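This is what each chain is made of:
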Amino acid sequence: MAKKIEGTAKSTSVSVKKTKTATKDNKLPKITVEKPKKIIFLGSEAAPFIATGGLADVLGSLPKELAKNKNLDISVILPLYSNIANDFRKDFKFLTSFYVSVGWRYQYAGVFLYEYKKVKFYFIDNEYYFKREGNIYGFYDDGERFAFFSRAALDTIARLDIYPDVLHCNDWQTAASIIFLKGMYYGDENFRKIKTVFTIHNIEYQGKFGIETFGDLFGFSESVRSFVEFDGLVNLMKGAIEMTDIVSTVSPTYANEIKYPFFAHGLDAIIRRNERKLVGILNGIDIDYYNPKTDKSIFKNYSATDFSGKEVCKAELQKMLGLPERKDVPVIAVISRLVSHKGLDLIKDTAERILSEDVQLIVLGKGEIGYENYFRYIADAYQGKCSAIIAYNQDLSRKIYSGADLFLMPSKAEPCGLSQMIASRYGTVPIVRETGGLNDSIKAVYGDSGNGFTFHDYNSDDMLYVIRQALGLYRQKDKWDELVERVMKTDFSWKKQAELYEEMYENK
Ligand code: GLC
């Protein structure tokens, strides 16, 4: 039943049965599994336990969707950060503890279990690595922390005898698991049977460390050196791409884009070399979690069949942010991490021209200081037209998603992007650049079709042109309402996407 997965490279499905080590030309044998039953995800964050970005949304919702299939047994392994709320922790069940080797060190690992929505979440406890103030990343020893986690996860699997058919690792923080498994745990029959998936959520963050960390810190064996070494450094993402059975990424367009230098942050040749195992599957969103009909954060609930409540959301939002309460003025929202790849330079370039129109502009986000200051400045200069909130605030973001009319997301690169889907769910029409997942999820309005406004080149005039096009349509009330309805009805759920994952686990 090998249905083709959209946007993937052609698969040459030669199934080489297990051999113990990599061949001389550095090709690893391919693992095939019959219908996979047991899948374990590894990742560094998952909602609702711990969330700093899109990865958490995905690991909080894809496993849950897969678990609806009664034939599948789904688990997720996560670090037990001290920032995980006590509300959850108090119900965690202690299972076991053991010691894990991290290079020359020998570190404690405790394992806790918590079942949530039919998914088994295992948490790896080690206070030295995961009891930190504030953020969950950005520490001097992140390499060591996630090397520990990656190895402890494999040892947990062995210890609890929960060997999966598929081990699904996400981003650089869990890339080392694949390197350990394929390079060092391969002598063990139970590990050898596991098929691995490595998902790239963003190729920009590769997990690069000085070459001296190879043996000392990671404890890698010489047999994996050629996979892991790149540009004179240890590169965990590169190692995982080379050694895994399947590489996936979070949209078909991004799967294609990362074959080129502009998007690949140095790994384009590695991606091209591994193209035969590359798959792109667009993320979904949790449509129950993001649902204007039930969302408690928003001022009034509404749905695609009756979105009159959206007007109340808009008026209350305007009031709250000190903007004139005007029903007829289009409200453009930007909710984003304030970093360069989100396309903020285009917004900076055009903000004053946008604000010379009869519009209101709302910006919510934090990030690089230069952007933060710019948005503070522009909000100050255009009081009553522009409001900038320099923060990360879930509750406020929902109020903005529901109260705005247009959602601007002109990313330079966007592996998938979830905000354009969330905005759509709340009837806020996206304006996006045609890149990555934005290109796969938003189609330009044309006659009675399309669910947003799009432009191709990374160019502020092109962006301004489509913003003006959107403002033009906004003034045609009937047409606009039709568009809002269409946008709200676009299916961004995980249902179909999870099926694509199941096919990938089986066939690729
Ligand atoms: C990363 C990407 C984003 C994607 C998310 C989830 O945060 O930058 O585009 O939506 O991962 O896959």
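Residues numbered from 1 in each chain as written. Predicted model: local features only at pLDDT ≥ 70, side-chain atom pairs only at ≥ 80, totals over all residues. Heavy atoms only, no water.

Draft legend 1. Local environment of the sheet that holds strand β15 (residues 386-389). On the basis of which strands lie adjacent, the open sheet formed by six strands has the order β15-β14-β13-β16-β17-β18 and parallel pairing. If you trace the sheet from one side to the other, it starts and ends with β15 and β18 (453-455), each paired once. Between one strand axis and the next, the sheet turns by 15° as a mean value, whatever way the strands run. As paired elements, strand β13 (residues 331-335) and strand β16 (residues 406-409) share two bridges and run parallel to each other. Note that in β16 the partner of Ala333 across the bridge is Phe407. On top of the sheet, helix α15 (residues 369-381) reaches β14 (360-364) and β15; it is set at about 145° to β15, its chief contact. (Pairing = 2+ DSSP bridges. Helix = DSSP H or I, 4+ residues; strand = E, 2+ residues; numbered from the N terminus. Axes fitted to C-alpha atoms, helices over the stretch in contact; angles between N-to-C directions. Contact = heavy atoms within 4.5 Å.)

Draft legend 2. Inspection of the pairing of strand β1 (residues 38-42) at higher detail. Within β1, four of the five residues are buried, which leaves it mostly tucked inside the rest of the structure. Note: β1 against strand β2 (residues 73-79), five bridges, orientation parallel. Bridged to Ile40 within β2 is Ser75. Crossover handedness for the path β1 to helix α1 (residues 54-66) to β2: right-handed. Pairing of β1 with strand β6 (residues 166-170), which is carried by four bridges, proceeds in the parallel orientation. Within the sheet, the bridge partner assigned to Phe41 lies in β6 and is His168. (Buried < 20%, exposed > 50% of the residue type's maximum accessible area, 1.4 Å probe, protein only. Right-handed = clockwise from strand over helix to strand, strands pointing away.)

Draft legend 3. Here's a closer look at the packing of aromatic side chains. All chains considered together, the criterion is met by 38 aromatic pairs. When the ring of Phe88 is compared with that of Tyr114, the centres are 6.1 Å apart and the planes differ by 75°; the resulting orientation is edge-to-face. Here Tyr114 lies in strand β4 (residues 105-116) and Phe88 lies in helix α2 (residues 86-89), a separation of 26 residues in the sequence. We note that Phe88, like Tyr114, is buried. When the centroid spacing of 4.8 Å and the interplanar angle of 80° are considered together, the rings of Phe262 and Phe263 count as edge-to-face. On the basis of relative accessibility, which here comes to 55%, the residue Phe262 falls in the exposed class. Residue classification places Phe263 among the buried positions, given a relative accessible area of 14%. A cation over an aromatic ring shows up here: Arg105 above the ring of Trp104, its NZ or CZ 4.1 Å from the ring centre. When the ring centre of Phe180 is taken as origin, the NZ or CZ atom of Arg151, which lies over that ring, is 5.0 Å away. (Phe/Tyr/Trp six-rings, centres within 6.5 Å; stacked < 30°, edge-to-face > 60°. Lys NZ or Arg CZ within 6 Å of the ring centre and 35° of its normal.)

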